[in-house]
Amino acid sequence: MTSSRADLLLENIPDDESPAPEERIKDASTGRELYRAMLQSDRGSAAQRVRQQAMLDGEPPHDQAVLTATGQGSMTNLNWGDAENIVEFTKSGMIDLVNSVENLVRTPLLNQYFEDEEQRREYEQTLAEEVTKTFRRWEGFDFNYQNLIHHWLCFGVGIGYWEDSIDWRWKTTGLSDFCIPRQTLASEERITIAGCRRRYELHELYEKIRDPERAAKMGWDVQAVKQAMLRADHPAGSTTAWSETEWERLQAQFKNNDLGATAAGRTQTVEVIHLWVQEFDGSVSMYLVSDTPIQDDGKRDPWMYVRRHEYDNVRNAFTFFCYGIGTNGTYHSISGILRKIYPQVQVSNRLRSKLVDAAAMSSGVMLQPLSETSYDKIVYTTLGPYTMLPAKDIAEYVERASPNLGNNVTPVLADMERTMNQRAGQFQGGSAFGGSQEKTRFQVQAELETLSRVGATQLNLFYPSWARMMQEAVRRLCRVGYSDATPGGKEAADFRKRLVRRGFPLEALEVIDFDAVTCERAIGSGSMVQRNAMLDEIAPYVGSFDEAGRHNYLRDRTAGALKSYEVAGRYIQRMPGDQRPPVDKKIAELQNFVMRSGSPIPVEPNDMHVVHLDTHIPFIAQILNDVETGALSLEEAVQPMIIIHEHCIGHLSILSNDPTVETKVAEYNQALQQAGEIIWNGTKKIEAAQRKAAQEQPAQQQDGQSPEAAQKADDINSEMQRKIIEFQVKIQNMNATGEAKRQNMLADAAIKRQIELEKARQGAALKDATTAAELLSKSRTMQ
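Since this is a predicted model, take the numbers as computed values, not measurements. (Residues numbered from 1 in each chain as written. Predicted model: local features only at pLDDT ≥ 70, side-chain atom pairs only at ≥ 80, totals over all residues. Heavy atoms only, no water.)

Asks: A description of the overall build of the protein chain should follow, citing residues and the corresponding values.
Replies: On a plain count of helices and strands, the protein chain comes out with 25 helices and 16 strands. Out of the 783 residues in the protein chain, the part that is buried amounts to 42%. Counted over contacts in the protein chain with a minimum sequence separation of 6, partners at least 24 positions apart contribute 71%. (Helix = DSSP H or I, 4+ residues; strand = E, 2+ residues; numbered from the N terminus. Buried < 20%, exposed > 50% of the residue type's maximum accessible area, 1.4 Å probe, protein only. Contact = heavy atoms within 4.5 Å.)

Asks: Please give an account of the sheet that holds strand S7 (residues 284–290) that cites residues and values.
Replies: The strands making up a sheet associate through backbone hydrogen bonding, with each pair oriented either parallel or antiparallel. Read from one edge to the other, the open sheet built from 5 strands follows the order S4-S5-S6-S7-S10, with strand pairing classed as antiparallel. Bordering the open sheet on either side are strand S4 (178–179) and strand S10 (305–311), each of which pairs with just one other strand. Here 7 bridges tie strand S6 (residues 269–278) to S7, and the two strands are oriented antiparallel to one another. The residue of S7 that forms the bridge with Gln278 is Val284. Its contacts with the sheet place helix H2 (residues 28–41) against S4, strand S5 (193–201), S6 and S7, and it is angled at close to 105 degrees to S5. (Pairing = 2+ DSSP bridges. Axes fitted to C-alpha atoms, helices over the stretch in contact; angles between N-to-C directions.)

Asks: Tell me what's going on with the packing of helix H22 (residues 609–629) against helix H23 (residues 634–655), and back it up with residues and numbers.
Replies: Following both chains from N to C, one finds H22 and H23 inclined at 160 degrees, their axes separated by 10 Å at the closest point. When the interaxial angle is binned, H22 and H23 end up roughly antiparallel. Considering the relative orientation of H22 and H23, their crossing is left-handed. Of the residues in H23, those in contact with His609, Val610, His612, Leu613, His616, Ile617, Phe619, Ile620, Ile623, Leu624 and Val627 of H22 are Leu634, Ala637, Met641, Ile644, His645, His647, Cys648, His651, Leu652, Ile654 and Leu655. A breakdown of the residues in the contact of H22 with H23 according to their chemical character gives 16 nonpolar, 6 polar and no charged. (Parallel < 35°, antiparallel > 145°, perpendicular 65-115°, else oblique. Left-handed = near helix turned anticlockwise from the far one by under 90°. Nonpolar A, V, L, I, M, F, W, Y, C, P; charged D, E, K, R; others polar.)

Asks: Can you lay out unusual backbone geometry for me, pointing to particular residues and giving the numbers?
Replies: Non-glycine residue Gln183 carries a positive phi angle of around 70 degrees. Residue placement: Gln183 occurs in the loop between S4 and S5. According to the relative accessible area criterion, Gln183 is partly exposed, its value standing at 35%. For His309, which is not glycine, the phi torsion reads 55 degrees and is therefore positive. For His309, a relative accessible area of 35% puts it in the partly exposed group.

Asks: I'd love a proper account of the confidence of the model for the protein chain, names of residues and values included.
Replies: Looking at the protein chain, the pLDDT average stands at 76 and 66% of residues meet or exceed 70. Between residues 429–436, whose pLDDT stays under 50, and residues either more than four places distant or in other chains, the model counts 14 contacts. This model gives residues 735–739 a pLDDT under 50, and the stretch forms 0 contacts once residues within four places in sequence are excluded. (pLDDT = per-residue confidence, 0-100.)

Asks: How would you sum up the packing of aromatic side chains? Please name residues and give values.
Replies: One pass over the full model with this rule turns up 25 aromatic pairs. Measuring from centroid to centroid gives 5.6 Å for Phe135 and Trp168, while their planes differ by 25 degrees, and the two rings are stacked. Taken together, the residues Phe135 in helix H6 (residues 117–137) and Trp168 in the loop between strand S2 (157–161) and strand S3 (171–174) connect sequence positions 33 residues apart. On the basis of relative accessibility, which here comes to 0%, the residue Phe135 falls in the buried class. The class for Trp168 is buried, based on a relative accessible area of 0%. A centroid spacing of 5.8 Å and a plane angle of 20 degrees characterise the contact between Phe462 and Trp466, whose relative ring orientation is stacked. (Phe/Tyr/Trp six-rings, centres within 6.5 Å; stacked < 30°, edge-to-face > 60°.)

Asks: Describe helix H3 (residues 43–56), naming the residues involved and giving the relevant values.
Replies: Helix length check: H3, at 14 residues, gives a terminal C-alpha distance of 20 Å against a target of 20 Å (1.5 Å per residue), a fit within 8%. Listed in full, the buried residues belonging to H3 are Ser45, Arg49, Gln52, Ala54, Met55 and Leu56. Two residues or fewer past H3, Gly58 is found with a positive phi of approximately 100 degrees. (Expected span 1.5 Å × (residues − 1).)

Asks: Go over the layout of surface pockets, please, and point to the residues and values.
Replies: Roughly 1100 Å³ of internal volume is contained in the largest pocket. Lining of the largest pocket is provided by 34 residues; of these, Glu163, Asp167, Arg169, Lys208 and Pro487 occupy positions nearest its centre. Looking at the lining of the largest pocket, the elements that each hand over two or more residues are helix H7 (141–155), S3, S5, helix H8 (202–208), helix H9 (212–218) and S7. Residue composition of the lining of the largest pocket, grouped by class: 15 nonpolar, 5 polar and 14 charged. (1 Å grid on protein atoms, 1.4 Å probe; cavity = no way out; pocket = protein on both sides within 12 Å on 5 of 7 lines; lining within 4 Å. Points joined across faces, edges and corners; volume = space filled by probe spheres on them.)

Asks: Explain empty space enclosed by the protein to me, and be specific about the residues and the numbers.
Replies: Considering all chains together, one arrives at 4 cavities of 30 Å³ or more under this definition. Considered as a void within the structure, the largest cavity measures approximately 150 Å³ in volume. Taken together, 16 residues make up the lining of the largest cavity; nearest its centre are Arg49, Phe155, His332, Ile334 and Arg339. Listed by contribution, the elements that provide at least two residues to the lining of the largest cavity are H3 and H7.

Asks: With reference to specific residues and values, describe the nonpolar core.
Replies: Judged by nonpolar contacts, the single largest core of 89 residues is most densely connected at Phe135, Trp276, Phe318, Phe320 and Trp466. Counting residues per element, this core draws most heavily on helix H16 (residues 456–477), which supplies 10 residues. For Phe318, the contacting residues outside a window of four places in its chain are Ile159, Gly160, Tyr161, Trp162, Phe178, Glu188, Ile191, Ala194 and Trp276. If you look at the next biggest cluster of nonpolar residues, it comprises 28 residues, including Met595, Val610, Ile623 and Leu672. (Core = buried A, V, L, I, M, F, W, Y, C linked by side-chain atoms within 4.5 Å.)

See below:
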């Protein structure tokens, strides 16, 4: 592989006998030359990107100045916006990917630091919510995300990067602004040097060196920055030597808030080149150099900023979003949607413009002058609805046949449109509703799987890079010791305050598993139609989900209908910690012991009723088991069972309004009916035994109960034990068959689907046979 000019300017790895150089860039002038070499080598690709961007911006297919100069200025020359329509359609799906998820990231904590699994899950949920809130509240989030997907979709490569190792707020750009050596393989680890040019307003640079001692420790050359600012403040970029008096004048303007635009209305800026250089140990050093050399007290061309080994690796500095690996595996061979559709769009624009001209010509009157002098005498005169033509001795009407535009141009336009759709198809899904052929419900449902504004390939290429960038952003935001005075510090401080208010221990920020941080994937691949179709697909099985699954399903449904999880929170809150089992299970367990002591507890409408019933009903069985084993007398057990039973009836009455758990409601109802019979019969028998015992009290022996009373008590206990055993068997069957019923439901659904597909196939075959018979009949009739 041929080495580029930028690679040759870098210090390479030495041989075994030579010591390794301390820096791979010798000085600031070398750094500037490196950047310009990369910029120069990219001129060909840059010219292509400029033409493609101009097409997207609406530039017509022909140069209007050339048309005017050649006497064709009246020719139709329009950009019909095909490229913009395709790009905006695809962008809308990418925007939906981050707006249709409740949280942008999942932030796992290391297990070994938490004894309580439920508490760990709750902390993880809280952390993910607050990280997402911080990202979305950042005013630069929407711009940088849309800028990223613009470069990624349109040109094939988008870049997210950080200007330092502190600030969590990322910036985005593309290869038009971010230079790397040509022939660099499409892998971030293979990037030895990268650079981009940035314009800093004077007040931005002043903030970085306001405290000279602190700025110098961070890596800033304060004197060089001051000189660059003074040069920008002077007219025509003067290179006046450093002057303390001039600096005092400029500093006074900052203090008086007088520094702003120049007399010409142009904001004063300093052109600064950022360079990221990968060192021999894999770390990345950061350099800032002025775009033009700085003369500073005889010191030629100093760096404005130097921070060696600032990043542990290149992924801490920037993330590349690549649409594949291109034609030869290099970054500059990767193409986006604009390069793929550019020829077809331009041909389509030209043909449509000619179609308009042809239509205008065919709808007008063609006259031929009879002499050279009569050309100037040809004048149309309009009188209301009438048009007066010139005299016959001046011009004559030319009879001609209008061209058949439909046969000549329309097929070519259709072919261009079809080709554009094919080349853009990998960036977006197709429509399931095209064509006039009647389709069955299952055909439409199958095609809905491909109806998404973001293709599967596109998702698989985007999400890994997005996850890496989110990992780095979360690592920076949650860094211990983030100072309020550093870039992004204000937002980081607010983030920590919100965590504390929600009971999150800040010490847990030290045990985040950053390597396991992932991004939330959107349901439906950026399409509301696809999202609803996928939720419809799992709707028959919702009744067999656990409580957390049903709750999440209803919340996703509500958020999809309202287009917002925040608005959906008014009707259905997110499950705390998204735990399995949820926190309501612990609440129900505590309620069991309170009710066993004889204190009733009311049922709340927002309780997770399935979780409560799954906890309370087995507890009734546990009490009955204590009666059977003799650990609890029947008299002691009846009153707590009555309280718990009534509590369960309250849950069941609310849950019966939910059609998604109809099967479970029937099971709960049957179990509670059987428990009610045991409680009722036990109560009656206890009352009867007490009355009988009271009547037979004089006949009792001194050393205990009479034989008759003892026999009756034994009969009561035997009957109660029989019912208790039946009830316990019922509870065990409910628990044991739950999974089997779920599997049976899935199997039944699969069988029904297969039957319906077979019916659809047979119906299609019957329809084909009928059509063939009709055609045969018509053929015979014609004969």
